[in-house]
Amino acid sequence: MAGKPRENKVSRPVRARTPSATKPAARPAAGRRARSSDDSPYHHGALHDALLKAAERVLERDGLAGLTLRAVAREAGVSHAAPTHHFGDLTGLLSELAAIGFRMFNAAMVAANNSETQPMMKGMASAKAYVAFAQAHPGMYGLMFRNERIDMTRPSLHEAATASFEGLASAIGAGRNEKLTGDALEAISLDQAAAIARAWSLVHGFTTLLLDGRLKDILHRLPEGTGVDQLLDAMLRSTVPRQPGAS
């Protein structure tokens, strides 16, 4: 049986693509900008400072329990890896933040001390600045004394905390008409040590009770128009050593 004759297919001319119809070539992968852990509108040094400022905002708003690396990254608007890249871990971040707190604290103490001329008044001004700083920055103040959350061996924190203690000792020494700075502070007597510990315990204890709301039982019993400031002033005046001949 003869087969049907095979039909010849007519080949259609291939239309060449014009340059305008050609899709732009994809950029090679190597040319794409990889998002790094620091990818942000900040420069390297500026990001470090921005993360610390963000951490302080989170601390004062959400407390220490809410201060995490991810929370700080969110607050700063950067990748979650950025805080780890700059501080290593949460302890590193908290330690650097506490160092800032101690520097702020010390600056407030120095300014208060310099605002007075009489030795006793210098000590009282420093004590009031101590309490005022804690009231203005309760989260930061609490972090500064949480040794289980910070690393006191970190150079920046150790330096700032040491300077703060030296400022406190200097203020106590001024109230006693003694120099408690430099080499003199490295070899103090038991009496001098007791004076520093007594004053520090007094003001720190008062501050802690105030922040924890435990002074309410005393404050609501005070005469009308008398509050925290008057109570602190009266307490300090009853305990700060007076100079010989002072009335």
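Provided above is the structure to which this section pertains.
I will try to describe carefully the structure that is included in this document. If you're wondering where the values come from, they're calculated on a predicted model, not measured in any experiment.

### Looking at the side chain of aspartate 233
With respect to the secondary-structure elements, aspartate 233 resides in helix 11 (residues 228-239). At 2.9 Å, the side chain of aspartate 233 forms a polar contact with the side chain of arginine 237. If near-sequence neighbours (up to four positions away) are discounted, aspartate 233 is found in contact with Met124 and Lys128.

### Considering the packing of aromatic side chains
Evaluated as defined, the whole model comprises 6 aromatic pairs. Measuring from ring centre to ring centre gives 6.0 Å for phenylalanine 102 and phenylalanine 145, while their planes differ by 70 degrees; the resulting arrangement is edge-to-face. Taken together, the residues span a long stretch of sequence, with phenylalanine 102 in helix 4 (residues 90-114) and phenylalanine 145 in the loop between helix 6 (138-144) and helix 7 (155-175) at a distance of 43 residues. Judged by relative accessible area, phenylalanine 102 falls into the buried class, the value being 6%.

### Examining the pattern of salt bridges
According to the stated counting rule, one finds 9 salt bridges in the structure shown. Of the charged contacts in the structure, one is a salt bridge between arginine 57 and glutamate 75, with a shortest N-O distance of 3.0 Å. Residue arginine 57 is located in helix 1 (residues 44-62), and its partner glutamate 75 is located in helix 2 (residues 69-76); the two are separated by 18 residues in the primary sequence. As a salt-bridge pair, arginine 61 and glutamate 75 come within 3.0 Å of each other at their nearest N and O atoms.

### So, the nonpolar core
Judged by nonpolar contacts, the single largest core of 55 residues is most densely connected at Leu67, Leu97, Leu143 and Phe206. No other element matches the 8 residues that helix 4 contributes to this core. Apart from the residues within four sequence positions on either side, phenylalanine 206 is in contact with Val131, Leu215, Val228, Leu231, Leu232 and Met235.

### Regarding the packing of helix 5 (residues 119-136) against helix 9 (residues 190-211)
Following both chains from N to C, one finds helix 5 and helix 9 inclined at 30 degrees, their axes separated by 10 Å at the closest point. Here helix 5 lies roughly parallel to helix 9, going by the angle between them. For the pair helix 5 and helix 9, the sense of crossing is right-handed. Residue-level contacts link Ala127, Tyr130, Val131, Ala134 and Gln135 of helix 5 to Trp200, Val203, His204, Phe206, Thr207, Leu210 and Leu211 of helix 9.

### Some points on the environment of leucine 219
Structurally, the position occupied by leucine 219 is in helix 10 (residues 216-219). The class for leucine 219 is partly exposed, based on a relative accessible area of 22%. Through-space distance from the C-alpha of leucine 219 to that of leucine 231 is 8.2 Å; in sequence the pair is 12 residues apart.

Reading the values: rules and limits
Residues numbered from 1 in each chain as written. Predicted model: local features only at pLDDT ≥ 70, side-chain atom pairs only at ≥ 80, totals over all residues. Heavy atoms only, no water. Helix = DSSP H or I, 4+ residues; strand = E, 2+ residues; numbered from the N terminus. Polar contact = N/O pair within 3.5 Å; in protein donor to acceptor, adjacent residues only side chain to side chain. Contact = heavy atoms within 4.5 Å. Phe/Tyr/Trp six-rings, centres within 6.5 Å; stacked < 30°, edge-to-face > 60°. Buried < 20%, exposed > 50% of the residue type's maximum accessible area, 1.4 Å probe, protein only. Salt bridge = Lys/Arg side-chain N within 4 Å of Asp/Glu carboxyl O. Core = buried A, V, L, I, M, F, W, Y, C linked by side-chain atoms within 4.5 Å. Axes fitted to C-alpha atoms, helices over the stretch in contact; angles between N-to-C directions. Parallel < 35°, antiparallel > 145°, perpendicular 65-115°, else oblique. Left-handed = near helix turned anticlockwise from the far one by under 90°.

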